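# Fold and contact review
Here are the chains, one letter per residue:
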Amino acid sequence: MRIQSFDKNFVNPVGKSVPRIDGKGLVTGQTKFTQDVNLPGMLVGKMIRSPHPHARIINIDTSKAENLPGVKAVITAKDTGEIKFGSNEFFFPHLVDQMPLESQKVRYIGDEIGAIAAVDEETAEQALKLIEVQYEILPGVFDALEAMKPGAPQIHENVRNNINVILPVNIGNPERMFKEADYVRDDVFYCPSAAHTCMETHTCIGQYETFSNKITLWISHQAPFKVREAIAKCFKMDLNDIRVVKLATGGGFGGKLEMLPMDFAACVLSKKAGGLPVKIMYTREEEFTCSRRKHNMIYKLKSGVKKDGTLLCMTGEVIADGGAYCSYGPTLLASTIMRIFMTYQIKHLKITGYRVYTNTPISGAIRGFGGVQSGFAVESHMDLLAKGIGMDPVEFRLKNITTPNMVAANKMKISSNGLKECIESAALAADWKNKRGKQSHIRRGIGMGIAGDVMGSKMYKSHESSGGIVKVEEDCSIYFFTGASDTGQGSNTALSQIVAQELGVSYSRIKCIAADTAITPFDTGSFASRVTFIAGNGALRAAHDAKEQILKIVAKDTQIDINDLDIKAEEVIQLSTKKNIMSFENAIKLCYSFNYGDQIIGRGSYNPPTTPVDFRTGEGHVSASYSFEAQIAEVEVNIKSGTINILKLWDAHDVGKAINPSSVESQIEGSLAMGLGYVFNENLKFENGRCVNANFDGYRIPRSVDIPPIKTILIETIDPQGPFGAKGMGEAALLPTAAAIANAIEDAVGIRLKELPFTPDKVLKALKEKERGEANL
């Protein structure tokens, strides 16, 4: 048998910028995305959607469409079990509110009431026009504040004032502490809605096997096991009767984190069409209006500080527009409010969050998940507090930040914490002391924002485990199976590096098989920056188990104590003598030899020691560890045009241990690009519930030429629970960008912007208000 060769350059791969395991396929165009897949007899599916923001369904007549040549299946709610599904169902079953196809009422423009499968797209589009639906139009409400008022149109039955979720966070006694404060101020910040704008729109292919009564769903997704669970519930089927296969995914950013009606519909259409596969692919307009979006939010804060900069207390209110259905409503509120405990030592806080139904498209998860909105509000507010007592913003933060090995007031357990090093490193790199407050004559300014982030969040199931399987073949090639979803961030590469490092072999030996619910172990999904930390630990344990199986046989054959053996850099070594006992290849030959014949299949699973948020108090240790960062922006403001030029961004990030430094830096740069889009351009606009800029003509995102120079600084704190000390870090860099820029703008020209995005007209308006204020002095 031919023995697999290996690349010596890729031994001990952790900490090295090895090539991506999927890189060649991506750059050569050979990688198959869901949109690329064409199966024999495959039909084109289209969703039947409501044209009204709020209406009662009286009757649906599909007969004309069914009789159209080329139409193979038409479904409505009567073809389903009319079972509701939801994303926070385990902890909040009472909040499950959406059906795969609505039967009684529609709640936003685009709400799904049926679906069609036809031989081609032209026929499917023609069939849609033949569907006749009789509606009773109901009054709609499109603003969260209006929806909360008594007498507003009721979007869901038995939901008072359209308030979907309430989270009261009440720690200590802030009202008493306000009396001890030397300076108190309050601010209100406004954050718009935004879209994910993935390159690949939502796409799925469903096939119902009529001979086995089993379903296969090929999908572009972040959480295939969650989709399987939702499909099983709505079909009343067993989990092992449903196979969800995640193919290469052209971006997710939170938008591909839950089952959508299209996923269920593709499977039902296939069943009704006699088992032919059905592909449903969103148009760009559907992607903007019928998937998920960022919660637009009003963030009110009031805080008290001492003259020496001690942050005493904070109160506030968060009002989030949730759109028509719950989605990840509870998680959103917890995420947007609780992050402050990661970064600041505050013992007295009372903030109440409200997620409100409106007759607009559904708000859900998006990169940063409430942290972008809270980051803008909290970090802008912190600068204003520092200004109010005449204290440097960097010194103010250093005085109040969290530290390693502490328990926050809301019972978050913080272990490793490089926030201080992040702040100091960023400030030094950006020359903060020589620039802050000293460039206004040339209308330049510098500003900082800080952030903390989770690595997972126990908000979805009773556990948050991730499993790995490592199978060593007779020729020394290695399969690594993981349920984690690589949606472009490079997690398959990082996890494979962890496996290779722990097993003591070259990274070039690893082939990664990921996110196929029929053959890979369970993983909750790619969200909350959890994959490197949680799936990484599962991968490490699987590799360790495989290594132990190999060493057990070597120990038996050589009569050396197994505890005195290890595998390092492709060699089995004796620890006490530091001698090479045999090569990895010879060890595998021994395992599969006549005397032993043992298959090497390592298994591992990791479930972080966390607790869900208590929605009565706001307390909870939601992540096994936390990542931290400090970000600085330097800007130049044109007072004639109102335009803002970003001169440079600095980002110092506590990553624990950089498994793949190049991938880590790329993730930071990608987050910053996304953050810049939200700061300057992105604003998903609605008029009477209809999205009016559902295309890239009306919704602008940054291009490569819009990205300023970026300096990334990696702070390695070696987390005691992370695989080789690593932490998750895919989202944190996005969180403080808006505040860092807002703080820099004030340093440059003395205006404070509290509403995103920062457009030239808002800058010019603020400058005029400043001039009038100065004239009245």
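Sequence order as written defines residue numbering, which begins from 1 separately in each chain. Totals for whole chains, interfaces and linings use every residue, but because this is a predicted model, local features are given only for residues with pLDDT of at least 70 and side-chain atom pairs only at 80 or more, for both listing and counting. By convention in this description, side-chain values take in all heavy atoms of the structure and omit both hydrogens and water.

### A word on helix α18 (residues 661–680)
Strands here mean DSSP runs of E at least two residues long; helices mean DSSP runs of H or I at least four residues long; both are numbered from the N terminus. Expected span of a helix, by definition, is 1.5 Å for each gap between consecutive residues, and there is one gap fewer than residues. Taking 1.5 Å of rise per residue, the 20 residues of α18 would be expected to cover 28 Å, and the 29 Å separating its terminal C-alpha atoms lies within 8% of that figure. Accessible area is worked out with a 1.4 Å probe on protein chains only. A residue is then buried under 20% of its type maximum, exposed over 50%, and partly exposed in between. For α18, the buried fraction is high: 15 of the 20 residues fall into the buried class.

### A look at unusual backbone geometry
Among all residues except glycine, the phi angle is most often negative; among peptide bonds, the trans geometry is most common. Residue Pro757 follows Leu756 across a cis peptide bond; omega there is -10°. Following the sequence through the fold, Pro757 ends up in the loop between α19 (737–749) and α20 (760–775). Positioned with a positive phi, Ala569 is a non-glycine residue whose angle comes to about 50°. Along the polypeptide, Ala569 turns up in the loop between β22 (565–568) and β23 (571–574).

### Overview of the sheet that holds strand β21 (residues 510–514)
Strand pairing follows a simple DSSP-based rule, namely that at least 2 bridges must link the two strands. Here we have four strands laid out as an open sheet, ordered β21-β20-β19-β25, and mixed in their pairing. Each having just a single partner strand, β21 and β25 (600–606) make up the two edges of the open sheet. If you compare each strand with its neighbour and ignore which way they point, the axes differ by 15° on average. Where strand β19 (residues 466–472) and strand β20 (residues 478–482) come together, five bridges link them in antiparallel fashion. Across the sheet, Gly468 pairs through a bridge with Thr482, a residue of β20. Note on contacts: a residue pair qualifies if any of its non-hydrogen atoms lie within 4.5 Å across the two residues. Only the contacting stretch of a helix is used when fitting its axis, a line to C-alpha atoms as for every element, and angles between N-to-C directions run 0 to 180 degrees. The strands that helix α16 (residues 531–558) touches are β19, β20 and β25; relative to β25, the one it contacts most, it runs at about 150°.

### A word on the pairing of strand β26 (residues 626–637)
Of all the twelve residues making up β26, eleven are buried; the element is thus mostly covered by neighbouring parts of the structure. As judged from the eleven bridges shared by strand β18 (residues 444–454) and β26, these two strands associate in the antiparallel manner. Across the sheet, Ile450 pairs through a bridge with Ala630, a residue of β26. Looking at chain direction, β26 and strand β27 (residues 644–654) are connected through ten bridges and run antiparallel. Counted as the bridge partner of Glu629 is His653 from β27. As consecutive antiparallel partners, β26 and β27 are separated by six residues, and within that stretch Gly642 has a phi angle of approximately 80°, a positive value.

### Regarding the packing of aromatic side chains
Pairing of aromatic rings covers Phe, Tyr and Trp, the last through its six-membered ring, and needs centres within 6.5 Å; plane angles under 30 degrees mean stacked, over 60 mean edge-to-face, and all others mean tilted. A complete count under the given rule lists 14 aromatic pairs for this structure. Taken together, the ring pairs in this structure connect Phe189, Phe376 and Phe758 into an aromatic cluster. For the cation-ring pair, Lys294 lies above Tyr678, with the distance from its terminal atom to the ring centre recorded as 4.4 Å. Lysine and arginine charges are scored as sitting over a ring when NZ or CZ, respectively, is within 6 Å of the ring centre and within 35 degrees of the ring normal. One cation-aromatic arrangement involves Lys302 over Phe178; the distance from NZ or CZ to the ring centre is 4.8 Å.

### Observations regarding the packing of α18 against α19
Closest axis-to-axis distance for the α18/α19 pair is 9 Å, and the angle between their directions is 60°. When the interaxial angle is binned, α18 and α19 end up oblique. α18 and α19 meet at a crossing whose hand is right-handed. Residues Leu672, Gly675, Leu676, Val679 and Phe680 of α18 pack against Thr737, Ala738 and Ile741 of α19. A breakdown of the residues in the contact of α18 with α19 according to their chemical character gives six nonpolar, two polar and no charged. Every angle not falling under 35 degrees, over 145, or within 65 to 115 is termed oblique; those three ranges are roughly parallel, roughly antiparallel and roughly perpendicular. Crossings are classed by handedness, with left-handed meaning an anticlockwise turn of the near helix from the far one by less than a right angle and right-handed meaning a clockwise turn. Residue polarity is assigned by list, with Asp, Glu, Lys and Arg as charged and Ala, Val, Leu, Ile, Met, Phe, Trp, Tyr, Cys and Pro as nonpolar; anything else, Gly included, falls into the polar class.

### Concerning the nonpolar core
Side-chain atoms within 4.5 Å are what join buried Ala, Val, Leu, Ile, Met, Phe, Trp, Tyr and Cys residues into a set we call a nonpolar core. Counting 131 residues, the largest nonpolar core has Phe341, Met382, Ile632, Val635, Ile741, Ile745 and Phe758 as the members making the most contacts within it. Apart from the residues within four sequence positions on either side, Phe758 is in contact with Phe376, Ile644, Val679, Phe680, Ala738, Ile741, Ala742, Ile745 and Leu753. By size, the runner-up hydrophobic cluster in this structure holds 46 residues, among which are Ala494, Ile510, Ile588 and Ala726.

### A word on helix α12 (residues 393–400)
Turn by turn, an α-helix covers 3.6 residues, leaving residues three or four places apart pointing in a common direction. Regarding α12, the residues found buried are Pro393, Val394, Phe396, Arg397 and Asn400. Along α12, the residues classed as buried sweep out an arc of 160° about the axis, all on the same side. Side-chain atoms alone can form a polar contact between residues adjacent in sequence; in general such a contact is a pair of N or O atoms within 3.5 Å, and within protein one must be able to donate a hydrogen while the other accepts it. With a side-chain oxygen positioned 2.9 Å from the backbone nitrogen of Val394, the residue opening α12 is Asp392. Regarding the arc, it is the one traced by the directions from the helix axis to the C-beta atoms.

### Considerations on the pattern of salt bridges
Just to be clear on terms, a salt bridge is a Lys or Arg side-chain nitrogen sitting within 4 Å of an Asp or Glu carboxyl oxygen. According to the stated counting rule, one finds 48 salt bridges in the structure shown. Residues Asp383 and Arg397 are paired through a salt bridge, measuring 2.8 Å at the closest nitrogen-oxygen approach. One end of the pair, Asp383, is in helix α11 (residues 371–388); the other, Arg397, is in helix α12, and 14 residues separate them in sequence. By sharing partners, the salt bridges in this structure join Glu379, Asp383, Arg397, Arg436 and Asp747 into a single network.

### Here we look at the domain arrangement of the protein
The domain boundaries here were taken from an automatic or database domain assignment. Each assigned domain of the protein is listed here: domain 1 (8–31 + 465–606), domain 2 (34–138 + 201–249 + 258–289) and domain 3 (296–458 + 612–771). Examining the composition of the side of domain 2 that touches domain 3, we find that four residues originate from one element, helix α8 (residues 284–290), more than from any other. Among the residues making up the side of domain 2 that touches domain 3, the classes are represented as eight nonpolar, five polar and nine charged.

### Comments concerning the environment of Asn595
Topologically, Asn595 is positioned in the loop between α17 (584–591) and β25. Residue classification places Asn595 among the exposed residues on the basis of a relative accessible area of 62%. As a C-alpha pair, Asn595 and Lys770 span 175 residues in sequence and 85 Å in three-dimensional space.

### Concerning the sheet that holds strand β24 (residues 579–583)
Spatial ordering of the open sheet is given by β22-β23-β24, a layout of three strands whose pairing is antiparallel. Looking at which strands have only one partner, the edges of the open sheet turn out to be β22 and β24. On average, each strand axis in the sheet is inclined to that of its neighbour by 35°, with strand direction left out of account. One ladder, built from four bridges, connects β22 with β23; its direction is antiparallel. Each residue of the ladder has a partner; that of Leu565, found in β23, is Gln574.

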